[in-house]
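In case you want the letters, here they are:
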Amino acid sequence: MNYMIISAAISLILGLLFTPVLIPFLRRLKFGQSIREEGPNWHRVKSGTPTMGGIAFIASSVLASLIVMFFAGDNKLKILIPLLTALAYGIVGFADDYIKVVKKRNLGLSAKQKFLAQLAVSVISTISMHYTGCISGELIIPFLSHSVDIGLWMIPLTVLVQLSVVNSVNLTDGLDGLASSITFIVSLFLVVCAYAFQNASGIFMAAVAGGCIAFLVFNANPAKVFMGDTGSLYLGGAIAAVASLLNMPLLLIIVGGVFLIETLSVILQVASFKLTGKRIFKMSPIHHHFEMCGLTETKIVLSFSLVTLILCIIGFLAVRGL
């Protein structure tokens, strides 16, 4: 646990140092956020706010993890693999952001390009985990007192979980401080589980948690910087990879319930409109629906964070018997 605390502390300090330096640098490069026309009208005042700020917590969490890993001894692969996985997703996000802000193509990478890049990362990451022995077929089922061996089915499950979580976090990143707040809470859950299972991946996850807190100082409403796809894809990759290393990807259905609901709200909205011509929500993802109902961004972020905290407590109960 000492290594995890040290990792979080280093990442927090580095994040607090990096972010205020990065923000004016992004401004000078004119890396400002473009607000989509179909989004809430009042979000247009955010246009021009520096984006790609996720670079700050990526740098802080990667450096913190590598520094602590040098002293941590064994199980370096369980730190390196999730770190490299998250970093690869962050690179995909960076390419998407770069096209948006530099090439002035508001939608960034095409859906096909983004999916194929994410699929490649997920497959390479999963195969690396499997053939290095970091994951096996052992799967923790929530509320069961024992794990279940699903053999090689763990490989497609891990790929599916990574793709799902990465894109869910990306969809959640639509309000000031929302994605970073929820990711911080989920990260803490995974850190505690990693400590309980004596899994070194908790060192990297703790660094991510520290980086999220540092970023929140500048990303909370009113945001001075946005993480961009660079940051949201990185965070999603980190959560998914560490959950897989802990044999608990299914637990993300519970503790990452807000991420899941955000994604389902988009799927249901699109399906309903195509089939019936009617919308279920005033706007999707669902955080925009609550905005349209009159809730402030701060209230939504606090409410969603509280829900995530409760879900994480349920998650602890779900694995307590192991």
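Quick note: structure is the one above.
What counts and what doesn't
Residues numbered from 1 in each chain as written. Predicted model: local features only at pLDDT ≥ 70, side-chain atom pairs only at ≥ 80, totals over all residues. Heavy atoms only, no water. Salt bridge = Lys/Arg side-chain N within 4 Å of Asp/Glu carboxyl O. Helix = DSSP H or I, 4+ residues; strand = E, 2+ residues; numbered from the N terminus. Buried < 20%, exposed > 50% of the residue type's maximum accessible area, 1.4 Å probe, protein only. Contact = heavy atoms within 4.5 Å. Patch = residues over 30% accessible without salt bridge, like charges linked within 9 Å, V, L, I, M, F, W, Y side chains within 5 Å. Areas by Shrake-Rupley, 256 points an atom, 1.4 Å probe, with all protein chains shown as cover.

## Digging into the pattern of salt bridges
Opposite charge on two side chains allows them to pair when their charged atoms are near.
Phase 1 of the analysis: The tally for this structure, following the rule as stated, stands at 4 salt bridges.
Phase 2 of the analysis: Asp96 is the partner of Lys114 in a salt bridge, and the nearest nitrogen-oxygen pair spans 3.1 Å. Of this pair, Lys114 sits in helix α4 (residues 111-131) while Asp96 sits in helix α3 (residues 77-101); the two residues are 18 residues apart in sequence, bridging distant segments of the chain.
Phase 3 of the analysis: The class for Lys114 is buried, based on a relative accessible area of 15%.
Phase 4 of the analysis: The exposure class of Asp96 is buried, given its relative accessible area of 0%.
Phase 5 of the analysis: Several salt bridges converge on common partners, so that one network encompasses Asp96, Lys100, Lys114 and Asp229.

## Considering the side chain of Thr158
Phase 1 of the analysis: Relative to the assigned elements, Thr158 resides in helix α5 (residues 154-172).
Phase 2 of the analysis: Taking relative accessible area as the criterion, Thr158 reaches 0% and is therefore assigned buried.
Phase 3 of the analysis: Residues in contact with Thr158, not counting those within four places in the same chain, are Thr126, Met129, Ile135 and Ser244.

## So, a nonpolar patch on the surface
Phase 1 of the analysis: Taken together, Phe143, Leu306, Leu309, Ile310, Ile313, Ile314 and Leu317 make up a surface patch of nonpolar side chains, about 650 Å² in accessible area.
Phase 2 of the analysis: Relative to the elements of secondary structure, Phe143 occurs in the loop between β1 (138-139) and β2 (148-149).

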